[in-house]
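Read off the chains here:
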Amino acid sequence: HGNFSEYAPFTLLLIFMLELNGGAPQAIHGLCVLLLTGRVFHAWGVRKVDENLAFRVAGMALTFTSLLFATLGILYLAISAG
């Protein structure tokens, strides 16, 4: 649960900031789908004692991808605004 409480709120906050700064609705929805898919994959990977590492790694990769693209989107909008 620690992993979820560290990354999910921060990523959601970044997505919210991107939306407030005028991010495209398709980008906002895409980032949310990436985050949700990543968290589901991660949960699926750690649900048993013998963890399925492939799902866990894919889940974290999708989570970090949504975090990275939300950050880049905010920076892009800030730079292009002047």
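These lines cover the structure that appears in this document, whether it is placed above or below.

## Considerations on the overall build of the chain
Right, on to step 1. Along the chain, the regular secondary structure elements total three helices and zero strands.
Right, on to step 2. Start at the N end of the chain and walk to the C end: the helices and strands fall as α-α-α.
Right, on to step 3. Viewed in the frame of its principal axes, the chain has a C-alpha envelope of about 50 × 20 × 15 Å.
Right, on to step 4. When each of the 82 residues of the chain is scored for burial, the buried share is 26%.
Right, on to step 5. Across the chain, the fraction of contacts at a sequence separation of at least 24, relative to all contacts at a separation of at least 6, is 62%.
Right, on to step 6. Carbon and sulfur atoms form 72% of the exposed surface of the chain, whose accessible area is close to 5,500 Å².

## Some remarks on the side chain of Thr63
Right, on to step 1. Examined against the element boundaries, Thr63 turns out to sit in helix H3 (residues 53-81).
Right, on to step 2. There is a polar contact of 2.9 Å between the side chain of Thr63 and the backbone oxygen of Gly59.
Right, on to step 3. Aside from chain neighbours lying at most four places away, what touches Thr63 is Tyr7, Leu35, Gly38 and Arg39.

## Details of the nonpolar core
Right, on to step 1. With eight residues, the main nonpolar core is built from Leu14, Ile15, Leu18, Ile28, Leu31, Leu67, Ala70 and Ile74.
Right, on to step 2. Secondary-structure elements contributing two or more residues to this core are helix H1 (2-20), helix H2 (25-45) and H3.
Right, on to step 3. When residues no more than four places from it in sequence are discounted, the contact partners of Leu67 are Tyr7, Phe10, Thr11 and Leu14.

## Observations regarding the packing of H1 against H2
Right, on to step 1. Direction vectors running N to C along H1 and H2 enclose 175°, while the axes themselves pass 10 Å from each other. Accordingly, the angle class assigned to the pair H1 and H2 is roughly antiparallel. Residues Asn3, Phe4, Ala8, Thr11, Leu12, Ile15, Leu18 and Glu19 of H1 form the contact with H2, whose own contacting residues are Ile28, Leu31, Cys32, Leu35, Arg39 and His42.
Right, on to step 2. For the contact of H1 with H2, the per-class residue count stands at nine nonpolar, three polar and two charged.

The rules behind each value
- Residues numbered from 1 in each chain as written.
- Predicted model: local features only at pLDDT ≥ 70, side-chain atom pairs only at ≥ 80, totals over all residues.
- Heavy atoms only, no water.
- Helix = DSSP H or I, 4+ residues; strand = E, 2+ residues; numbered from the N terminus.
- Buried < 20%, exposed > 50% of the residue type's maximum accessible area, 1.4 Å probe, protein only.
- Contact = heavy atoms within 4.5 Å.
- Areas by Shrake-Rupley, 256 points an atom, 1.4 Å probe, with all protein chains shown as cover.
- Polar contact = N/O pair within 3.5 Å; in protein donor to acceptor, adjacent residues only side chain to side chain.
- Core = buried A, V, L, I, M, F, W, Y, C linked by side-chain atoms within 4.5 Å.
- Axes fitted to C-alpha atoms, helices over the stretch in contact; angles between N-to-C directions.
- Parallel < 35°, antiparallel > 145°, perpendicular 65-115°, else oblique.
- Nonpolar A, V, L, I, M, F, W, Y, C, P; charged D, E, K, R; others polar.

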